[in-house]
Amino acid sequence: MSEGVAEGAIFRLSRVEARVEAYDWAFARESSEAIASHWAKISAGKPAMFNGRVMLQHRAAIRDGVFEAGYFETDYAAFMTWRDAGHPGPVIRNGFAMGALRAGDGAFLCGKMGAHTANAGKVYFAAGTPDLDDVRPDGTLDLAGSVTRELAEETGLRPDELTVGEGWTALVERGRIAFLREVGIDLPAEEARALMLGRMKELEEDELSDIVVIRSLADTEAHDMPPFMRRYLAHIFDGS
């Protein structure tokens, strides 16, 4: 059975099958001047921002609990310009994986993005738009592997310190689909936070400025958290 991927939906998946393929993205081809201008504006004073290559999703379908998607390669400046312009044109999505990190006492652990990043001050689980490091030699995207890679890159946590769940919870919004996988760490939240803060001091790149502990949906109100994160946490807390 095939289902449409509707905006506002939240659903469980057994797996995600994603492949990079050729796609002519008219927005990037026709908007070079606007992209260059916008990139100059948003990267000014932020030398750490890098206009690397990323993968965006241009087609998607769900068949029997399996999410099948096609991705194409573009540059980060084009993606950011398109995002900030309100996602013009045909349906394109930033389809990324996140590790929903939960401590042994049930609290969630989120990162707060540093002032030098494109999403400064935002609070969410470790994640990143798929890039060339996520592409396997056969052209498929390793979204599952990106969960532990992003956690390691942003917090210093090692895969052997984590328990990674099966399947995904997907949340769909305009221009975005988040694939969340449950990840556990066998420590109380404050101990896990202290461990991550210590590790973060040793990282080559400091994407995060803090680790935020979320014990209830009410805790999210004190932070600049994207709506899809609140939707996910409401879904989990209401179902607990």
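Above this note sits the structure.
Residues numbered from 1 in each chain as written. Predicted model: local features only at pLDDT ≥ 70, side-chain atom pairs only at ≥ 80, totals over all residues. Heavy atoms only, no water.

Enquirer: Would you explain empty space enclosed by the protein in this entry?
Expert: Over the atoms a probe the size of a water molecule is rolled, and this reveals where empty space is left. This structure, assessed with the given rule, holds one cavity of 30 Å³ or more. Here the largest cavity defines a volume of roughly 50 Å³. Counting residues per element, the ones that place at least two in the lining of the largest cavity are β7 (108-113), α4 (143-155) and β12 (208-214). Its residues placed into classes, the lining of the largest cavity shows nine nonpolar, two polar and one charged. (1 Å grid on protein atoms, 1.4 Å probe; cavity = no way out; pocket = protein on both sides within 12 Å on 5 of 7 lines; lining within 4 Å. Points joined across faces, edges and corners; volume = space filled by probe spheres on them. Helix = DSSP H or I, 4+ residues; strand = E, 2+ residues; numbered from the N terminus. Nonpolar A, V, L, I, M, F, W, Y, C, P; charged D, E, K, R; others polar.)

Enquirer: Please explain the layout of surface pockets as it appears in this structure.
Expert: By volume, the largest pocket amounts to about 1,300 Å³. At the level of secondary structure, the elements contributing two or more residues to the lining of the largest pocket comprise β4 (53-63), α3 (76-84), β6 (94-103), α4 and α6 (227-239). Examining the composition of the lining of the largest pocket, we find that four residues originate from one element, α4, more than from any other. Here the residues of the lining of the largest pocket are counted per class, giving 15 nonpolar, nine polar and 14 charged.

Enquirer: Explanation requested: the packing of aromatic side chains in the structure shown.
Expert: Each aromatic ring pair is characterised by the separation of its centres together with the angle its planes make. Enumeration over the complete set of coordinates arrives at 14 aromatic pairs. Taking the centre distance of 5.9 Å and the plane angle of 55 degrees together, the rings of Tyr 76 and Phe 79 count as tilted. Here Tyr 76 pairs with Phe 79, and both are found in helix α3, just three residues apart, close to one helical turn. By relative accessible area, which is 17% here, Tyr 76 ends up buried. Both rings, one in Phe 108 and one in Phe 237, keep their centres 5.7 Å apart while their planes meet at 80 degrees; by these two values the pair is edge-to-face. In this pair, Phe 108 is assigned in strand β7 and Phe 237 in helix α6, connecting sequence segments 129 residues apart. The class of Phe 108 is buried, set by a relative accessible area of 2%. By the ring-pair criterion, three or more aromatic residues cluster together here, those being Tyr 23, Trp 25, Phe 27, Trp 39, Phe 72, Tyr 76, Phe 79 and Trp 82. Over the aromatic face of Trp 168 sits the side chain of Arg 181, whose NZ or CZ is 4.1 Å from the ring centroid. (Phe/Tyr/Trp six-rings, centres within 6.5 Å; stacked < 30°, edge-to-face > 60°. Buried < 20%, exposed > 50% of the residue type's maximum accessible area, 1.4 Å probe, protein only. Lys NZ or Arg CZ within 6 Å of the ring centre and 35° of its normal.)

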